[in-house]
Amino acid sequence: MDRKIALVTGGSRGIGRAICVKLAEEGMDIVFNYQSGAAEAEVTGKLCEEKGARCLMVQADVSKSEDCDALIEAAREWGNGRVDVLVNNAGITRDNLLPRITDEDLDAVLNVNLKGTFYMMRGVAKLMLRQKYGKIINMSSVVGIMGNAGQVNYAAGKAGIIGMTKSLARELASRKINVNAVAPGMIQTDMTDAIPDSAKERILAGIPFREMGQAQDVANAVAFLASDASRYITGQVICVDGGMAI
Ligand code: NAP
């Protein structure tokens, strides 16, 4: 049987890298993008190939619709016309208290996290409708569910992703294309390394498991949603958060 093609955004580091490697381990061939981390992307590519996958890496800025279209076209050509799984993982933060969030901080976060996810879903959904198969998995956050002081801009994007996920799930349900979201809590990556230790302690105190999650924990949930075991699940948000959002 042909190997499935998975397209993952922001695969060069952190959660995105863990997702690429996990899906490779599950027998998929992987297309992923990086924005500026070419050397990091090479590492992800190598790790996927070690799992026996073919791998294509593409430089693309998901905040630009033309870059998203080019990324999807590259994946389509490389994958013999198919994209079976789309994981919208690329994301950034520009944290601050609301009065200090500039227009630029708001635009940057919404352009990558919300509009990037929109552009990718719009392009790939067309392909999935034609091929009558597809799994779309969007990376939200518990912050999009619970809110978080200092992340009004980020919360807007991540809550918006949940709304887009549920809406597109309804649009594509008649074709049995699954659209779901994963909402990580606090996961150990470069993104959370930037949080000061004192703030981390406060966040940890609110996590029932009293520990940070690992990128692998998120990748495992994504792999389930990308597999046919999730056949009857659509429009859902799975929290991977040690109980943070209970
Ligand atoms: P990370 O370590 O900072 O990695 C971010 C990834 O996104 C990198 O591969 C980066 O590429 C890529 N990226 C950034 N801006 C991009 C752009 N404009 N176009 C294309 N790619 C871009 O982040 P992470 O912690 O793994 O987070 C991954 C996702 O999970 C994000 O959506 C984040 O919001 C979400 N999340 C994370 C946590 C957490 O605790 N870590 C919690 C909840 C949700 P380069 O390497 O080229 O820069």
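Please refer to the structure placed before this passage.
Sequence order as written defines residue numbering, which begins from 1 separately in each chain. Where local features are concerned, this predicted model is filtered to residues with pLDDT of at least 70; where side-chain atom pairs are given and counted, the filter is 80 or more; whole-chain, interface and lining totals use all residues. To obtain the side-chain values, all non-hydrogen atoms of the structure were used and water was disregarded.

Draft legend 1. Seen up close, the overall build of the protein chain. Every helix listed is a DSSP run of H or I at least four residues long, and every strand listed is a run of E at least two residues long, numbered separately from the N terminus. Looking only at helices and strands, one finds 9 helices and 7 strands in the protein chain. Atoms counted for the radius of gyration: C-alpha only. Globule rule: 2.2 Å times residue count to the power 0.38. Its C-alpha radius of gyration of 17 Å places the protein chain within 12% of the 18 Å reference for a compact globule of 246 residues. The burial tally for the protein chain puts 50% of its 246 residues in the buried class. Taking the contacts inside the protein chain whose residues are at least 6 apart along the sequence as the reference set, 74% of them involve residues at least 24 apart. When the accessible surface of the protein chain is totalled, it reaches about 11,700 Å², and 51% of it is carbon and sulfur. Each charge sign in the protein chain was given a centre, from 28 positive and 29 negative side chains, and these centres are 7 Å apart. Exposure classes here rest on a 1.4 Å probe applied to the protein chains alone. A residue is buried below 20% of its type maximum, exposed above 50%, and partly exposed in between. By definition in these notes, contact holds between two residues if any of their heavy atoms fall within 4.5 Å. For the accessible areas, the method is Shrake-Rupley and the probe is 1.4 Å, while residue cover comes only from the protein chains on display. Only four residue types enter the tally: Lys and Arg on the positive side, Asp and Glu on the negative side, with His and both chain ends excluded. Just so you know, the charge point we use is NZ for Lys, CZ for Arg, CG for Asp and CD for Glu.

Draft legend 2. Seen up close, the packing of aromatic side chains. Only rings of Phe, Tyr and Trp enter the pairing, Trp through its six-membered ring, and a pair is recorded when the two centres are within 6.5 Å. The plane angle decides the type: under 30 degrees is stacked, over 60 is edge-to-face, the rest tilted. In total, this model carries 1 aromatic pair according to the counting rule given. Consider the rings of Phe118 and Tyr119, whose centres lie 6.2 Å apart with planes at 80°: the pair is edge-to-face. Relative accessible area serves as the criterion here: at 14%, Tyr119 is assigned to the buried category.

Draft legend 3. A look at the sheet that holds strand S4 (residues 85–88). Strand order across the open sheet formed by 7 strands is S3-S2-S1-S4-S5-S6-S7, with parallel pairing between neighbours. In this open sheet, the two strands that pair with only one neighbour each are strand S3 (55–59) and strand S7 (237–240). Across this sheet, the average inter-strand angle for adjacent strands is 15°, counted without regard to direction. In this sheet, S7 lies alongside strand S6 (residues 178–184) in parallel orientation, the contact comprising 4 bridges. Residue pairing in the sheet places Val182 in a bridge with Ile238 of S7. Paired strands are those between which DSSP finds at least two bridges. Working convention: axes come from line fits to C-alpha atoms, limited for helices to the stretch in contact. Angles between N-to-C directions cover 0 to 180 degrees.

Draft legend 4. Up close: the pattern of salt bridges. A pair is scored as a salt bridge if a Lys or Arg side-chain nitrogen falls within 4 Å of a carboxyl oxygen belonging to Asp or Glu. All told, the structure shown has 12 salt bridges when counted by the stated rule. Among the salt bridges present, the one from Arg3 reaches Asp29, with a minimum N-O distance of 2.8 Å. Of the two residues, Arg3 is situated in the segment before strand S1 (5–8) and Asp29 in strand S2 (residues 29–34); the sequence distance between them amounts to 26 residues. Here Arg3 falls in the partly exposed class, since its relative accessible area comes to 36%. Here Arg76 and Glu73 are joined by a salt bridge, their closest N and O atoms 2.8 Å apart. On the criterion of helical spacing, the pair formed by Arg76 and Glu73 is a turn pair, its members being 3 residues apart in helix H3 (residues 65–78). A relative accessible area of 27% places Arg76 in the partly exposed class.

Draft legend 5. Spotlight on the state of the cysteines. By disulfide we mean two sulfur atoms from cysteines, separated by a distance within 2.5 Å. Under the counting rule described, the total for this entry stands at 0 disulfides. A disulfide-free cysteine, Cys20 has its sulfur positioned 5.0 Å from the sulfur of Cys48, the nearest such atom.

Draft legend 6. Broad picture of the site of the ligand. Being near a molecule or strand, for a residue, means having at least one of its heavy atoms within 4 Å of it. Ser12, Gln35, Ser36, Tyr154 and Thr189 are the nearest of the 32 residues found near the ligand. Definition of a polar contact: a pair of N or O atoms within 3.5 Å, with one able to donate and the other able to accept a hydrogen when the atoms are protein atoms, and with sequence-neighbouring residues admitted only if both atoms are side-chain atoms. In this structure, an oxygen atom belonging to the ligand sits 2.7 Å away from a main-chain N or O atom of Gln35. At 2.9 Å, a side-chain N or O of Lys158 approaches an oxygen atom of the ligand. For the ligand, the accessible surface in isolation is 900 Å², of which the surrounding protein chains cover 96%.

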